[in-house]
Amino acid sequence: MPRRNPELAQASARPLPGPGGPIVERIACWSARHAKIAVFGWFGLVAAAFLAGQLLGTRNLPQYDPGQAGQGEQMLHQLNVVSPATESVLIQPRGAGAARLTFADDPQMRQATAAVAAALRRLPFAAIDVSAPSLATGRLAADGTSTGSRASIRDGGDAASLISADGHSALVTFDVAGPHADVNSTVAADQAAVARVQAAYPDLIVAEAGSASTSAAGNSLLESDFHRAEFSAIPITLILLLVVFGALIAAGIPVVLAASAVAATISLLAIPSLWLPIRSGTSEIVLILGMAVGVDYSLFYLRREREERAAGRSPAEALQIAAATSGRAIVISGLTVMISLAGLFLSGIELFTGMAFGTIIVVGVAVAGSLTVLPGLLSMLGDWADRGRIPVLGKRRTEARPSRLWAALIRRVVRHPLAWGGAAALALLILALPALGIRLGNPLVDLPGNVPVAQTLARIDAAFPGQPSPAEVVATGQDLNGPAVRSAVAALEAHASATGPIRAPITVTSVASGRGLILEVPLAGSGSGPVSNDALLTLQNQVLPETLGRVSGVSLAVTGNTATDYDWDTTLRARTPIVFGVVAGLAFLILLIAFRSLALPLVSVILNLLSVGAAYGVITLIFQDGWLQGLFGVSGSTTIAQWVPLFMFVFLFGLSMDYHVFILSRIRERCTRGMSTCEALTSGIAASAGVVTSAAVIMVAVFSIFATLSFVDVKTLGVGLAVAVLIDATAVRGILVPAAMALLGERSWYLPRRLAWLPGWKLHDSEGDARLAPKAVILP
């Protein structure tokens, strides 16, 4: 234990702050004084949240797409119209001679097809409307084309046949029986019947795919991914924390806090699920992000407390200083993260609502735990927190030493800020360039290519290429079977042509006892792209207003795959600048108040945009342009999932403030002791290098777990987050921040006189007991 001077001895004898102290210190020191209440109260609240979640249960409310497509989905839901889950069974020869075999010539194919149809018809509780080709319908004409009858296969309508054009493939189609809510379990019986036929015909491919089997496979993957992430995140985090702290108990404290925050949040999601759609993958995201921020915040606090004790402080004084410095940095960072995530509510997309609620709750719970149960645990444990030391690491990790490597780098950057900063900024700009060509889209089947159902769907699409699904016009109102509506429908059909934007045939179906109509309108184009989008706009803005739109009392909405993709794209294009502007503006205001500086928030916002842009460039190179796709188990991906970039931005914009706030707080502490800004840069960053590097390594490791999961969009998110955190903790923290502040000098703390009224966070000078007001250069 280092020898303490008399001033420190006097300071350690002072009581912890009372009710008149700063709020963060008051909360932390109250928790330290009432450790048992804080600790057992915290775990009691976590248990209560778990019980509440179990009692309420998570409701599965319908989630609607944005724009008019979502309005059409809502109208169908109100009409209680549910499209039956359609399945297809593919029968195909396999092996070297497969290309020579056809349904007409191969008795095994015909027998297997008949066996599949018979097996499904014996399951009236699981399969209805079974359709299968027969030898009579499968005879081939002399020119090689099928003379078989047409059948409706998924979205293909009359464009698909139960026997492929080359005769090498056959389909058996059916609808899954029973309530729509039970299709995932009901389809298992159908799959078992098909599997028995496959076992009887090993020389053939007999495989089932469709909406129900795809949904069941997706749910199964989500569940297995969640368990994999759950069992990976905690051990990996604990191992890294053992390296950081060198002691088993100290390493376990952040894991306990983060895990309890995640458990409470996942349970509490049952409450917003009563009125908001919570996506099934939200728990997965909450788990990974909750572990990341929970460990991060605990690490900042715990490391500072250990540094102060190693410097000779008493446990009580070390807790007080940790609360006044790291505790406040955690509050600022947490508020910034939560406000950034709240920007998702401005997107107008329901998919983001559940994600926003889940991630905001877990960050808030982690911040609350860092200010309550963490000081309480440290107070209860005392010196026991350093028990279970790892040989060699234990003694070294307890000591607080500035990083000589980072200090040497910062000194070089400060001497030549323009050269170093310019080179780093140029490198990140080059890395961000691919993002200019980013293409957003959503695959029709969001499953990895190695999943059997996805492989079967790919084979069906190759053997039975069909036309894109038609637009669905949903009409509701009174007297929909009356002459006015019939006349309007006839006028709509008159707009259809073989070469125009609206194609024939237009089909009309009355639903809900005549309370609604569904009109399927084929559009020009491939279903996506400019041609189909122009045809959709022609239908929405010209054809419908001139026909059905003129009938009084009729409400219309256009949905379907083309409309959904178009509305997603237009909504994102319209709302993304708003979200970006609001998030950046609010983050600027928080930092302006926190540091009473105009320049530092502006620098932080610019650097955050630069690191996010670089992360966008990396995911574009990998998941769109195909670089290193094999490393991540991805193949054939040509677009970035529509929800990923916006979610990445709001989360990273808040999360990157972790390091900025923590480092700037350390720099400000030294400025309050009389150091110049350039001197404080070297000392402050070197002193914080160990904890920031440790936090970054843990966060990168936790986010990298995403890259090992099944879904491409989740992999994309994980890689993007890991890359951005790595860039932020190295190039931004080690080069760009010191370069920018060195160029600004004392102007880093510039605050116009007309903003002098702004409140500011007082900083604790760890070299003494005085609470010093933030240094600010007030100029007219």
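Residues numbered from 1 in each chain as written. Predicted model: local features only at pLDDT ≥ 70, side-chain atom pairs only at ≥ 80, totals over all residues. Heavy atoms only, no water.

### A word on a nonpolar patch on the surface
- On the surface, a nonpolar cluster with roughly 360 Å² of combined accessible area is contributed by Leu346, Ile578, Val582, Leu586 and Leu589.
- Summarising the element assignment, Leu589 is placed in helix α20 (residues 561–595). (Patch = residues over 30% accessible without salt bridge, like charges linked within 9 Å, V, L, I, M, F, W, Y side chains within 5 Å. Areas by Shrake-Rupley, 256 points an atom, 1.4 Å probe, with all protein chains shown as cover. Salt bridge = Lys/Arg side-chain N within 4 Å of Asp/Glu carboxyl O. Helix = DSSP H or I, 4+ residues; strand = E, 2+ residues; numbered from the N terminus.)

### As for the nonpolar core
- The biggest cluster of nonpolar side chains holds 170 residues, and the ones touching the most others in it are Trp643, Phe647, Tyr659, Ile667 and Phe703.
- Beyond its immediate stretch of four places on either side in the chain, Tyr659 contacts Asp296, Phe300, Val692, Ala695, Ala696, Met699, Val725, Asp728 and Ala729.
- Ranked by size, the runner-up nonpolar core spans 28 residues in total, among them Leu492, Ile502, Val551 and Tyr566. (Core = buried A, V, L, I, M, F, W, Y, C linked by side-chain atoms within 4.5 Å. Buried < 20%, exposed > 50% of the residue type's maximum accessible area, 1.4 Å probe, protein only. Contact = heavy atoms within 4.5 Å.)

### With respect to the pairing of strand β8 (residues 516–521)
- The element β8 is largely enclosed, with a buried count of five among its six residues.
- Bridge count for strand β6 (residues 471–476) against β8 is six bridges, and the pairing is antiparallel. Note that in β8 the partner of Ala475 across the bridge is Leu517.
- Pairing geometry for strand β7 (residues 507–511) and β8, over five bridges, is antiparallel. Bridging across to β8, Thr507 finds its partner in Glu520.
- Linking two consecutive strands that pair antiparallel, namely β7 and β8, is a turn of four residues; a positive phi of about 55° is found at Ala512 within it. (Pairing = 2+ DSSP bridges.)

### Here's the deal with the packing of aromatic side chains
- Going through the model one piece at a time under the given rule, you end up with seven aromatic pairs.
- On the numbers, 5.3 Å between centres and 65° between planes, the contact of Phe345 with Phe357 is edge-to-face. Here Phe357 lies in helix α12 (residues 350–371) and Phe345 lies in the loop between α11 (315–342) and α12, a separation of 12 residues in the sequence.
- Residue class for Phe357 comes out partly exposed when judged on its relative accessible area of 27%.
- Here the guanidinium or amino end of Arg733 rests over the ring plane of Trp406, the centre of that ring lying 4.1 Å away. (Phe/Tyr/Trp six-rings, centres within 6.5 Å; stacked < 30°, edge-to-face > 60°. Lys NZ or Arg CZ within 6 Å of the ring centre and 35° of its normal.)

### So, the sheet that holds strand β3 (residues 170–176)
- Across the sheet, which stays open at both edges, the four strands sit in the order β2-β3-β1-β4 with antiparallel pairing between neighbours. Looking at the sheet topology across the chains shown, the edges are occupied by β2 (127–131) and β4 (204–210). In this sheet, adjacent strand axes meet at a mean angle of 20° when their direction is disregarded.
- Packed on one face of the sheet, helix α8 (residues 211–245) meets β1 (86–93), β3 and β4 and runs near 80° to β4. (Axes fitted to C-alpha atoms, helices over the stretch in contact; angles between N-to-C directions.)

### Examining helix α2 (residues 23–33)
- Turning to α2, its buried residues number three or more, namely Val24, Glu25, Ala28, Cys29, Ser31 and Ala32. Seen along its axis, α2 keeps its buried residues to an arc of 155°; they face one direction. (Arc of directions from axis to C-beta.)

### Considering the sheet that holds β7
- In spatial order, the strands read β7-β8-β6-β9; together these four strands make up an open sheet with antiparallel pairing. With partners counted over all chains shown, the strands left at the sheet margins are β7 and β9 (555–559), one partner each. Averaged over all pairs of adjacent strands, the angle between strand axes in this sheet comes to 20°, irrespective of strand direction.
- Across the sheet, helix α19 (residues 530–546) is in contact with β6, β8 and β9; its angle to β9 comes to roughly 165°.

### Details of the packing of helix α3 (residues 35–56) against helix α13 (residues 373–381)
- Where α3 contacts α13, the axes come no closer than 8 Å and their chain directions differ by 130°. Judged by the inter-axis angle, α3 sits oblique to α13. Handedness of the α3/α13 crossing: left-handed. Counted together, Ala35, Lys36, Ala38, Val39, Trp42 and Phe43 of α3 and Val373, Gly376, Leu377, Ser379 and Met380 of α13 form the full contact between these two elements.
- Split into classes, the residues belonging to the contact of α3 with α13 amount to eight nonpolar, two polar and one charged. (Parallel < 35°, antiparallel > 145°, perpendicular 65-115°, else oblique. Left-handed = near helix turned anticlockwise from the far one by under 90°. Nonpolar A, V, L, I, M, F, W, Y, C, P; charged D, E, K, R; others polar.)

### Focus on the packing of α11 against helix α23 (residues 657–672)
- At a closest axis distance of 9 Å, the pairing of α11 and α23 adopts a crossing angle of 145°. As α11 runs across α23, the sense of the crossing is right-handed. Only Met657, Asp658, Val661, Phe662, Ser665 and Glu669 of α23 make contact with α11, whose side of the interface consists of Thr325, Ser326, Ala329, Ile332, Ser333 and Thr336.
- Residue composition of the contact of α11 with α23, by class: five nonpolar, five polar and two charged.

### Remarks on the pairing of β3
- Here β3 lies mainly inside the structure; seven of its seven residues are buried.
- With six bridges joining them, β1 and β3 adopt antiparallel strand pairing. Directly across from Glu87, in β3, lies its bridge partner Phe174.
- Bridge count between β2 and β3: three bridges; the pairing is antiparallel. Bridged to Ala127 within β3 is Val176.

### Things to note about the pattern of salt bridges
- Applying the stated criterion across every chain, the model contains seven salt bridges.
- A salt bridge links Arg304 to Glu308; the nearest nitrogen and oxygen atoms lie 2.9 Å apart. Within this pair, Arg304 and its partner Glu308 are both found in helix α10 (residues 282–310), separated by four residues, close to a single helical turn. For the residue pair Arg304 and Glu308, the accessibility class agrees, reading buried in each case.

### Some remarks on the side chain of Arg670
- Along the chain, Arg670 turns up in helix α23.
- No salt bridge forms around the buried Arg670; measuring N to O, its nearest opposite-charge neighbour Glu669 is 4.4 Å away.
- At 2.7 Å, the side chain of Arg670 and the side chain of Ser683 are in polar contact.
- Ignoring any residue separated from it by four or fewer positions in sequence, one finds Arg670 in contact with Met675, Ala680, Ser683, Gly684 and Ala687. (Lys, Arg positive; Asp, Glu negative; His and termini not counted. Polar contact = N/O pair within 3.5 Å; in protein donor to acceptor, adjacent residues only side chain to side chain.)

### So, the confidence of the model for the chain
- Overall, the prediction assigns the chain a mean pLDDT of 81, with 88% of residues at 70 or greater.
- Per-residue pLDDT, averaged within each element of the chain, yields its smallest value for helix α1 (residues 6–13) (34) and its largest for helix α16 (residues 417–432) (95).
- Below a pLDDT of 50 lies the segment residues 137–160, which in the model reaches 51 contacts outside its immediate sequence neighbourhood of four places, other chains included.
- Across residues 762–780 the pLDDT falls below 50, and counting only partners more than four positions away or on other chains, this stretch makes 65 contacts in the model. (pLDDT = per-residue confidence, 0-100.)

### Comments concerning helix α21 (residues 599–623)
- End to end, α21 covers 36 Å across 25 residues, agreeing with the expected 36 Å (1.5 Å per residue, within 8%).
- Along α21, 22 of the 25 residues are buried, which leaves the element largely enclosed by surrounding structure. (Expected span 1.5 Å × (residues − 1).)

### Quick notes on the side chain of Arg668
- Within the secondary structure, Arg668 is located in helix α23.
- One buried charged side chain, Arg668, makes no salt bridge at all; its nearest oppositely charged neighbour is Glu746, positioned 8.9 Å away.
- Polar contacts involving the side chain of Arg668 include one to the main-chain carbonyl oxygen of Phe595, which spans 2.8 Å.

### Some words on unusual backbone geometry
- For the bond from Ala504 to Pro505, the omega torsion is 0°, close enough to zero to count as cis.
- Positive phi is not limited to glycine here, since Ser513 has a value of about 55°.
- Mapped onto the elements, Ser513 comes out in the loop between β7 and β8.

### Some points on the environment of Leu480
- With respect to the helices and strands, the residue Leu480 is situated in the loop between β6 and α18 (483–494).
- Leu480 sits in the buried class, given a relative accessible area of 3%.
- Measuring from C-alpha to C-alpha, the distance between Leu480 and Gly553 comes to 9.6 Å, with 73 residues separating the pair along the chain.

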